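Reading the structure
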Amino acid sequence: MTVVTTTSHDLDLSSCDKEPIHTPGSIQPHGFLLALSKELTVLQASDNLSSLTGVCVEDLLGQPLAHLLGAGLAERIKAALAQSEVGQRPIFLCTVELARGARFDVLAHHHDGLLMLEFEKAEQEGPADLRYLYRKVGDFLLKLNNASTVVEMARLAAQDICAVTGYGRVMVYSFDPEGHGHVLAECRSDDYHSYLGQRFPATDIPRQARELYLLNRIRLIQDASYTPARLVPPLNPVTGKATDLSFASLRSVSPVHLQYMRNMGTMASMSVSLIVKGKLWGLISCHHDTPSPVAFDKRTACEQLGQILAMCIGSREDADELQFRLEVRRVMVSMLGGLTHGADFIDNMSSVLPSLLQFARAGGVAVLYDDRLLVHGDAPGEAQIEELVAWLGMNTHADVFHTDKLSRVFAPAAAYTKVASGLLAMPISRIHKHYLLWFRPETVHTIDWAGNPYDKAAANGTPPQLSPRTSFDSWRETIHGTSAPWHSGEIEMAVEFRSALLGLALERAEQMAELAEDLGRANKELEAFSYSVSHDLRAPLRHIVGFSDLLLEAAGNDSLEKRQRFLKNIKESARLAGKLVDDLLSFSQMGRAALRPTEIAMADMVRSCLDKLSIETRGRNIEWDIGPLPTLKADPSFLQLALYNLLSNAVKFTGQKELAVIRVSAQDNDHEWVISVADNGAGFNMDYVHKLFGVFQRLHRMEDFQGTGIGLANVRRIIERHGGRVWAQSQPGQGATFSFSIPKELND
Amino acid sequence: MLKPILLVEDNPHDLELTLIALEKSQLANEVIIARDGAEALDYLRCEGDFAKRQVGNPAVILLDLKLPKVDGLEVLKVIRSTPSLKSVPVVMLTSSREEQDLLRSYELGVNAYVVKPVDFGEFVRAIADLGIFWAVLNEPPPGSYRYIKPH
């Protein structure tokens, strides 16, 4: 065993990638191939035809099939073709016996404009037995049901295929994301060398070979030392290009591959593709040290076993993936719960740091927020993290950055590969440099390669790009600077976590904005308060003082009538000052008290307001027109105050009318109720409507209509606290209509 | 040869007290009373009810800051942006000591800003001083009409 230590370089030995392996121009000689037209005229044939049948290729070209098989067999094949639906995959037609007593299994498929008939030499007596397949498949399914792991399933498949084919060694290997193969399970005779656990470099299987593995799920090389049988003529007569043998069972394989097999001491091989969700997941690879045929029925059984295994692997992986994601999500949800507890983001984050580690199966986690750095677990130093974040900010634009080989992309990370060979990083703000970083420690691991993957040139005299390595001795490599890879579920969940975080942040920002707005409103109201105290309250006090002075000064000189007016003015001013203080108080309460919405029958509420107004309306001629009114949801005491204000305004401003007409009506506006109070009173000029609902605004002279100018401001405040609107319409002298809306769904 | 004073005041008590104060100062000037900003502007622009009045500007306008409809600041703004009115002296007469009202008034080009004193004696003195200064001592700008009180 050779042992080396490397920091893993790229295995780029892709010289084989260019070989056109699907058009080798030849076949393996344990059978012959005929390419026919629709009319079953032979257009192309393999040149081993003569040695297998005694018929010369040149003599057969352009002739009907009967020329080779005789009329009876040709008719049988024609009938078999007519019965079967022949597509791209070879199907078994029949077994035929040709001249000299040689028996052949006949396979047919359509491809490249040709009907391909492959005649494989049948070793066994009697026709191929497809019933064999059903029993095998049934048994295998039962066993798979009891298998607990993918490796266990692979082992069962290897055993079965070993039994079916009689090959000396059957390996099941899977491809990792880089394409390297890893032997998961093996079944072998004692005299075969074990490859269990070994890795085969991706370059052992060239790209186009992988593509063929996807197209054609089973391939047999019955004798690695064969001499290929060439196609005559060499090109496809229909297309004029090299004949595409992608689906042909007899297709000849690359000389490099044959060399590779011989290097392994393998003279016969068969491989079955394991295709999981449309991707080449792995291979079942069978080796035998002497040439060894596998008849079509057995191959079919192996192919079916491979498909069943692939399906079981697919569903097992799905289940594991689901389980994994559920677990990650569970951690994430509990973490988000923790994040919403307090007001301070960093405090909340500190409390969920252990979960953050668990969430990403990381060794360390760091949160960079507002120049504050929180670190938990094993992580690089503060300065190193800052340097790393600066680099991330400059170099990554994706939502998430992740690597399991950090020092490979960010050289300074070589200083701390032990704690941070793996990095999963997310910016958690688009504007600020806030980052969430997970670190995974280095996992020093060894890979047992089947031979040195970096040393492919070998055989003497052959051009190195066509030579597979000569040795399959185990070759151990130690990998440094890498961590366990990040699971796609972890990465997706991290992105989801980030958007949840952003959501939380946005919500907080909104709350802050709302608070700021509330504060702004409160400040404005406070200003209005101080203004009214300094201005509005000063006026009545000044009047009281002024008229009292005049009264004292007059000392009986003025007329009685004048003195009485002064006294009346004093009384009025005092009353107004008192009312102003009351109104200010109630207005300030309105901003603080909580709403207690209940169902309110508006008709009852109007009636109760009218009772309250009865003193003011005494002696007046008022026609009340109360329309049908709804039951709606609102705070009853507040709404009553608003309604009373509007009704008493209507009473006030119709004071000079012989007949006052006051109409209360309701309108259903889908999402809201609109209540209107219309009067035929003094009205106002619409030019001033914007001032109407402001605090301490009056549109009328004091002696015309008494009021402190707070009433409508109160109405607006009450309605807005219910989420509704207030508005007014008027024509001077024609009356006014005041309306408010109350939403049907209160969102308090 | 007396110059009229335009008093813009909506509060009846303030109006009465102001008229008493002017009377006590023994000014013989006619006092024209407007009860809100809109009416004051109608008078100044000879519109509405004042369409037929004798043309000419008052010697001084005593303007209450807080008025229904069009407030004192708005009236002041119109006066200062109307070529035929912009040189008329305006005294803001108010209960407000709010700095913003004061600043805003001066920004808009008020000639004087007087906070109505709560004490009546002081109030009378303030109004009398204003009347004497603006209506008697001050030489009004050209265009202020000279009003001869009819006997």
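To be clear, the structure that these remarks concern was listed above.
These remarks concern the structure in this document. The numbers attached to residues start from 1 for each chain and follow its sequence in the written order. Naming scheme: in the order in which they are written, chains are lettered from A and ligands are numbered from 1. A pLDDT threshold of at least 70 governs which residues receive local features in this predicted model, and a stricter bar of 80 or more applies before side-chain atom pairs are shown or counted, although totals over entire chains, interfaces and linings include all residues. Side-chain measures were taken over the full set of non-hydrogen atoms in the model, leaving aside hydrogen atoms and water.

Residues and elements named next belong to chain A. Stacked, tilted and edge-to-face pairs are distinguished by plane angle, under 30 degrees for stacked and over 60 for edge-to-face with tilted covering the rest, among Phe, Tyr and Trp rings (Trp via its six-membered ring) whose centres lie within 6.5 Å. Taken as a whole and assessed by the stated rule, the structure comprises 14 aromatic pairs over all chains. Here Phe-92 and Phe-296 contribute two aromatic rings whose centre-to-centre distance is 5.8 Å and whose plane-to-plane angle is 20°, an arrangement assigned as stacked. Taken together, the residues span a long stretch of sequence, with Phe-92 in strand β5 (residues 91-97) and Phe-296 in helix α8 (residues 296-339) at a distance of 204 residues. Classification of residues uses two cut-offs on accessible area relative to the type maximum, computed with a 1.4 Å probe and protein chains only: under 20% is buried, over 50% is exposed, and between them is partly exposed. Owing to a relative accessible area of 19%, Phe-92 belongs among the buried residues under this scheme. Using a relative accessible area of 11% as the deciding quantity, one classes Phe-296 as buried. Here the aromatic rings of Trp-391 and Phe-401 are separated by 5.6 Å at their centres, their planes lie at 80°, and the arrangement is edge-to-face. Residue Trp-391 is located in helix α10 (residues 382-395), and its partner Phe-401 is located in strand β17 (residues 401-403); the two are separated by ten residues in the primary sequence. To qualify as a helix, a DSSP run of H or I must reach at least 4 residues; to qualify as a strand, a run of E must reach at least 2; elements of each kind are numbered from the N terminus.

All names here are of chain A. Only strands joined by at least two bridges in the DSSP assignment are considered to pair. Two strands pair when backbone bridges link them, and strand β2 (residues 26-27) and strand β12 (residues 229-232) are joined in this way by two bridges, in the antiparallel orientation. Bridging across to β12, Ser-26 finds its partner in Arg-230. In the sheet, strand β4 (residues 42-46) pairs with β12 via two bridges, with the strands oriented antiparallel. Residue pairing in the sheet places Ser-46 in a bridge with Leu-231 of β12.

Moving on, we get to unusual backbone geometry. Residue and element names in this part refer to chain A. In the segment running from Val-232 into Pro-233, the intervening peptide bond is cis, with an omega of -10°. Inspection of the secondary structure assignment puts Pro-233 in the loop between β12 and α7 (255-264). Within the chain, Asp-112 stands out as a residue other than glycine whose phi angle is a positive 60°. Along the chain, Asp-112 falls in the loop between β6 (103-111) and β7 (114-121). Among the residues examined, Asp-112 registers a relative accessible area of 24% and is labelled partly exposed. Phi is positive for Asp-670, close to 65°, though the residue is something other than glycine. By the secondary structure assignment, Asp-670 is in the loop between β25 (660-668) and β26 (672-679).

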